[in-house]
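# Observations on the three-dimensional arrangement
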Amino acid sequence: MKFKAIVADIDGTITCEKRELHLGAVKKIRSLKLPFVLATGNILCYARTTSRLIGLEGAVIAENGGAVTVRYDLKGTYEESLEECEKAFSFLSRYFKLTKLDPHYRRTEIALRRDFDLQKARTLLETQTFDVEMIDTKYAIHLKSKKINKGVGLQKLASMMGLKPRDFVAIGDSANDVEMFEVSGFGIAVGNGDEIIKETADYITKATFGDGAIEAFEFLESKGWI
């Protein structure tokens, strides 16, 4: 078994606990001899900038699969899903004081500050017909289309790169990485990961955060899979 590329989440996966890039993980990523894709719930310009700082070629999945780009394409490719999210946001705003994060940059979903009752909000949404869901990534709550996720983003980006999703090893820590694990060839959860991602993973590292990512890379190398 040999994989042709790696796709990894950023925050909580190749960072330290306080969200700084883990320099050891960055150094290890730079030593790898295969394409490396970043996949995040954050905005496209954040993902592109992180890719540039690490020294990668700019292939990224952002906004939980809603935005993808190969190399440093400034425009990117976006899904048309924001309108439904805005309708759901307006509905929920009747019951909660909600704060949008990066509202001028997000084009496919709405990210919210984690300062409201998520379970109550989910229950309220179930009474409506909005085709949306709410995902807690531990950094923000994402109000997003049910049709869009990192797995969908990986399928699209893999095609743009001339690869198949199964050619990728996926590495992550959060609930929004589940679909990416499901479509990839092999999924690795870092030790600080949510229980749901650990249940989906093929391998779980003992180390956490960026140290866990390093362990993941070394595991793959020891197996001769990358």
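For the structure itself, look to the data block above.
In what follows, the accompanying structure is described.

Analysis parameters
- Residues numbered from 1 in each chain as written.
- Predicted model: local features only at pLDDT ≥ 70, side-chain atom pairs only at ≥ 80, totals over all residues.
- Heavy atoms only, no water.
- Buried < 20%, exposed > 50% of the residue type's maximum accessible area, 1.4 Å probe, protein only.
- Helix = DSSP H or I, 4+ residues; strand = E, 2+ residues; numbered from the N terminus.
- Pairing = 2+ DSSP bridges.
- Phe/Tyr/Trp six-rings, centres within 6.5 Å; stacked < 30°, edge-to-face > 60°.
- Contact = heavy atoms within 4.5 Å.
- Axes fitted to C-alpha atoms, helices over the stretch in contact; angles between N-to-C directions.

Counting buried positions along strand β9 (residues 141-145) gives five out of five residues, so the element sits mostly inside the fold. Pairing of strand β7 (residues 110-112) with β9 involves three bridges; the strand directions are antiparallel. Its bridge partner lying in β9, Ile-110 is registered against Leu-143. Two strands pair when backbone bridges link them, and strand β8 (residues 132-136) and β9 are joined in this way by five bridges, in the antiparallel orientation. Bridging from a neighbouring strand, Ile-135 pairs with His-142 of β9. With antiparallel pairing between neighbouring strands as the criterion, β8 and β9 make up a hairpin whose turn holds four residues, including Lys-138 at a positive phi of roughly 80°.

Turning next to the packing of aromatic side chains. Scanning the model with the defined rule gives 10 aromatic pairs in all. Ring centres of Phe-186 and Phe-219 lie 6.3 Å apart, and the angle between their planes is 20°; this geometry places the pair in the stacked category. Separated by 33 residues along the polypeptide, Phe-186 in strand β11 (residues 186-189) and Phe-219 in helix α8 (residues 209-223) bring together distant segments of the chain. Each member of the pair, Phe-186 as well as Phe-219, is classed as buried. When the ring of Tyr-203 is compared with that of Phe-219, the centres are 3.9 Å apart and the planes differ by 10°; the resulting orientation is stacked. Here Tyr-203 is found in strand β12 (residues 203-204), whereas its partner Phe-219 is found in helix α8, with 16 residues between them in sequence. Residue classification places Tyr-203 among the partly exposed positions, given a relative accessible area of 22%. For Phe-219, a relative accessible area of 14% puts it in the buried group. Here the aromatic cluster, defined as three or more aromatic residues joined through ring pairs, consists of Phe-3, Phe-186, Tyr-203, Phe-219 and Trp-225.

Position of Cys-85 among the secondary structure elements: in helix α3 (residues 82-92). Linking Cys-85 and Phe-130, residues 45 residues apart in sequence, is a C-alpha distance of 8.0 Å.

Whether parallel or antiparallel, the strands of a sheet pair through hydrogen bonds between backbone atoms. With mixed pairing, eight strands are arranged side by side in an open sheet as β5-β4-β3-β2-β1-β10-β11-β12. The outermost strands of the open sheet, each flanked by one partner alone, are β5 (77-78) and β12. Sheet topology places strand β1 (residues 5-8) next to strand β2 (residues 36-39); three bridges connect them, and they run parallel. Bridge pairing links Val-7 to Val-37 in β2. Lying on the sheet, helix α2 (residues 44-54) is in contact with β2, β3 (60-62), β4 (67-69) and β5; it crosses β3 at an angle near 150°.

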